[in-house]
Amino acid sequence: MALVGLVVALLITLVWLAGRYEAAQVQSRLERDDANAVDEIRSALSRNIQSLQAIQFKNPTPAIWRSDAAQFLREHREVLRIESRDPQLRILHFVETHYRPAGFDWLGRNNAHADVEQACSTARRLSAPAYASSYYLPLSDAQGAEVMELCMPLMNMGQLTGYLVTTYTLKGILEDLLSSQLTRSREVSFTEGDGTRLAVLGSAQRSNRVFSAQQILDLPGNTLVLRMDSWRGEPELFPNVLTALVAAMSLALMLILWLLAKDMRRRLKAERDLADALAFRKAMEDSLVTGLRARDVHGRITYVNPAFCQMVGFSAEELMGQSDNAPYWPPEFIQEYKQRQAIRLAGNSPPREGFESVFMHKDGTRFPVLIIEAPLINAQGEQSGWMSAFLDIREQRRVEELSRASQERLQATARLATMGEMASLLSHELNQPLAAIASYATGSVNLLHETTPAMADLELAMKRIAQEAQRAGKVIKSVHDFVRRRDQTHEAIAVQALFDAIMPLIQLQARKLSVIVQQRIDPNLPRVRCDVTMVEQVLLNLARNAMQAMDVPDIRHRRLELTSRVSLQDPRWVEFFVADIGPGISPDIEGQLFTPFFTTKAEGMGLGLSLCRTVIEQHGGTLVYGPNTPLGTVFSFTLPADVLASPVV
Ligand code: ADP
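Residues numbered from 1 in each chain as written. Predicted model: local features only at pLDDT ≥ 70, side-chain atom pairs only at ≥ 80, totals over all residues. Heavy atoms only, no water.

Draft legend 1. Focus on the sheet that holds strand 9 (residues 210–219). Spatial strand order, 8-7-10-9: four strands in an open sheet with antiparallel pairing. At either end of the open sheet lies a strand with only one pairing partner, and these are strand 8 (197–201) and strand 9. Mean inter-strand twist for the sheet, computed between neighbouring axes without regard to direction, equals 20°. Where strand 7 (residues 187–191) meets strand 8, four bridges bridge the pair, whose relative direction is antiparallel. Bridging from a neighbouring strand, S189 pairs with V200 of strand 8. On top of the sheet, helix 1 (residues 2–56) reaches strand 7, strand 9 and strand 10 (222–231); it is set at about 25° to strand 9, its chief contact. (Pairing = 2+ DSSP bridges. Helix = DSSP H or I, 4+ residues; strand = E, 2+ residues; numbered from the N terminus. Axes fitted to C-alpha atoms, helices over the stretch in contact; angles between N-to-C directions. Contact = heavy atoms within 4.5 Å.)

Next up, the structure:
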């Protein structure tokens, strides 16, 4: 801004100075011309005096005098009249110019006598030609003129013989004695000391600025002031070439300054952007954990980032310019690495996904690295080398090792857990068939002790023992399959058949707990598709829970209801209900009912309900419970009917 201000000030000063310089030029030229004009007039007047003296030479006869004087008047338009006078100033003869109307005919010559006398007395005193003060002479053409008398004393042998009086018009002097280049486009005038104009040549156009110069024309006997007025034409912004040039150059300078400032701003911005980009790049490189190394086409290292230096333990200075035998190559691999480098320099691209290699730290430790290489392309699109990224994969290897070990441990634990789960489920589910076997066996022994054993009952008990033992075997297999999450074998089975299979066990327990079992099974039910043994276990568990819930002294007429019907919401499902009239489920244990190992019973395992729900959900169904009316609990679950086009699970 300061620079621009300075240049503007400079420009204004230059224009002003140029204007002033031009004015001073005009003024000094005017003064010079004025002085020249005075000189010209003075020398012309003295030439005239010589010519006049020539007329008077050798006392010419009046006729000759007249013809010479007339000749002189023809050649000198500034002279009005020439007179020859005797020493008493009486006119002897005279000649008048033809160029102007004669003034003296009209006014009489005596009018001017005082002036003539003044000039001649001065001339006499000086013994040389002298002038009188000018005076106004009205002419017959009503124009009039300012005239001035010149008196030349005529001497012969030291005696005054007479006078030659010449009348000049001042205007004529200006018109005829001055060269035209001095008067062109100027106003030239004779003035008196007080500025009154006596005669004017040309007329000054009054405009803004008028230059003016005055010179004194000192003639013997009279002093005139020659004044020159010049004017400047229309005022112009750039009065001359110099000013215009200076202005144009200043403008050009301003333009250049402006362009320079613009360019500077752009450059500064570019520099700032570049610095930002560099700082960003540097920060990025420094923060990288990936080592970076650039090599030129001859394999010399041209760049390494801090991460690379840290990785190999050498400083950037130690690594720069290295090509063969890089210090981080383990000596045992040098040959192999050299071959690899040769292949690379021959222009063969490495695999995109990178390759593994071994580097050596400065302290001698070897470590595995993953190298990803890519050609380095310069701004001209030519390959200028290779850029490689290095990942220290020690940590990765360690993590892989750790993960493998923990995977193995996990598998071992999983196997143990499976075993535990199986053992606990088996112990839960085998309780019932084993209890049944034990009770049939006791019954059989009691029968044998009788004197006449009822063979039919004994046979039935033995059959039941065999059935329950088989059942126990099936339970073991089913639980095993269930725990190992194998594909269970789903088969279509009539609902009645499901109930029939478990009824002896239920009855056994019902009798013990004095519970009446009621079945309400729709005979038209479709068959259900399920893992039969596991669903039987579900029914058994729910029935047993229900009966156990009613095993409190204040409940009489204990009744267990087993119901099955087609789902009202979706006929593709069959619903099972196990209802009791026990005390119901208190709200504080509701949330934990299905949690494995949750039980409120002294000898309970707390696995029954969680197993039931898992089994039902594996069939695609749901297991829910709610209060029974008027009292007790109803557990219900759904199983897919066999009518389904495709198995649900
Ligand atoms: P367990 O029978 O070994 O206790 P379950 O998982 O079968 O384990 O049952 C968990 C708990 O749920 C039982 O201890 C009991 O308190 C409660 N429960 C189950 N069925 C009923 C029911 N029909 N009425 C009342 N409480 C029940």
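So much for the structure itself; the text now carries on.
Draft legend 2. Layout of helix 1. Helix length check: helix 1, at 55 residues, gives a terminal C-alpha distance of 80 Å against a target of 81 Å (1.5 Å per residue), a fit within 8%. Just past helix 1, the residue K58 takes up positive phi, approximately 60°. (Expected span 1.5 Å × (residues − 1).)

Draft legend 3. Region of the structure containing helix 16 (residues 608–618). Of all 11 residues making up helix 16, eight are buried, and the element is well covered by its neighbours. Burial in helix 16 covers these residues: G608, L609, S610, L611, C612, V615, I616 and Q618. Buried residues in helix 16 make contact with helix 11 (394–449), helix 12 (455–483), helix 14 (532–549), strand 21 (623–627) and strand 22 (633–640). Looking one or two places after helix 16, you find G620, whose phi comes out positive at around 90°. (Buried < 20%, exposed > 50% of the residue type's maximum accessible area, 1.4 Å probe, protein only.)

Draft legend 4. Focus on the site of the ligand. The environment of the ligand is made up of 19 residues, and the closest members are N545, T599, T600, K601 and G606. Within the side chain of N545, one N or O atom sits 2.8 Å away from an oxygen atom of the ligand. With respect to the ligand, the backbone of M605 contributes an N or O atom lying 3.1 Å from an oxygen atom. Relative to its unbound accessible surface of 540 Å², the ligand loses 95% to contact with the protein. (Near = heavy atom within 4 Å. Polar contact = N/O pair within 3.5 Å; in protein donor to acceptor, adjacent residues only side chain to side chain. Areas by Shrake-Rupley, 256 points an atom, 1.4 Å probe, with all protein chains shown as cover.)

Draft legend 5. Highlighting the sheet that holds strand 12 (residues 301–304). The strand order across the open sheet built from five strands is 12-11-15-14-13, with neighbouring strands paired in antiparallel fashion. With one partner strand each, in any of the chains shown, strand 12 and strand 13 (355–360) form the two edges of the open sheet. When the angles between neighbouring strand axes are averaged without regard to direction, this sheet yields 35°. Inspection of the sheet shows strand 13 paired to strand 14 (residues 366–377) by six bridges, in the antiparallel sense. Bridge pairing links V358 to P368 in strand 14. On the sheet, helix 10 (residues 334–345) packs against strand 11 (291–296), strand 13, strand 14 and strand 15 (383–392) and is oriented at approximately 130° with respect to strand 13.

Draft legend 6. Geometry of the side chain of E83. Along the chain, the position of E83 falls in strand 1 (residues 79–85). Polar contacts involving the side chain of E83 include one to the side chain of R81, which spans 2.5 Å. Among residues more than four places away in sequence, those in contact with E83 are W65, I91, H93, F94, R109, Y163, L164 and V165.

Draft legend 7. Region of interest: the pattern of salt bridges. Within the structure shown, the criterion is met by 33 salt bridges. Across the salt bridge formed by R85 and E83, the nearest N and O atoms sit 2.7 Å from each other. An identical accessibility class is assigned to R85 and E83; each is buried. When salt bridges that share partners are traced, they join R81, E83, R85 and E96 into one network. (Salt bridge = Lys/Arg side-chain N within 4 Å of Asp/Glu carboxyl O.)

Draft legend 8. Main features of a nonpolar patch on the surface. A cluster of nonpolar side chains, namely V4, V8 and I12, defines an oily patch on the protein surface of about 230 Å² accessible area. Here V8 lies in helix 1. (Patch = residues over 30% accessible without salt bridge, like charges linked within 9 Å, V, L, I, M, F, W, Y side chains within 5 Å.)

Draft legend 9. Up close: the nonpolar core. With 61 residues, the main nonpolar core has I506, V528, L542, L560, F576 and F637 as its most contacted residues. Excluding anything up to four places from it in sequence, I506 contacts V517, L540, A543, M547, L560 and L562. (Core = buried A, V, L, I, M, F, W, Y, C linked by side-chain atoms within 4.5 Å.)

Draft legend 10. Inspection of the packing of aromatic side chains at higher detail. For the coordinates displayed, the defined rule picks out 11 aromatic pairs. Look at Y328 and F359: their rings are 4.8 Å apart centre to centre, the planes differ by 45°, and that puts the pair in the tilted class. Here Y328 is found in the loop between helix 9 (316–319) and helix 10, whereas its partner F359 is found in strand 13, with 31 residues between them in sequence. Looking at F359, the relative accessible area reads 1%, which means it is buried. Summarising the aromatic geometry, the rings of Y625 and F635 are spaced 5.4 Å apart at their centres and angled 35° between planes, so their arrangement reads as tilted. With Y625 in strand 21 and F635 in strand 22, this pair connects stretches of sequence that are 10 residues apart. (Phe/Tyr/Trp six-rings, centres within 6.5 Å; stacked < 30°, edge-to-face > 60°.)

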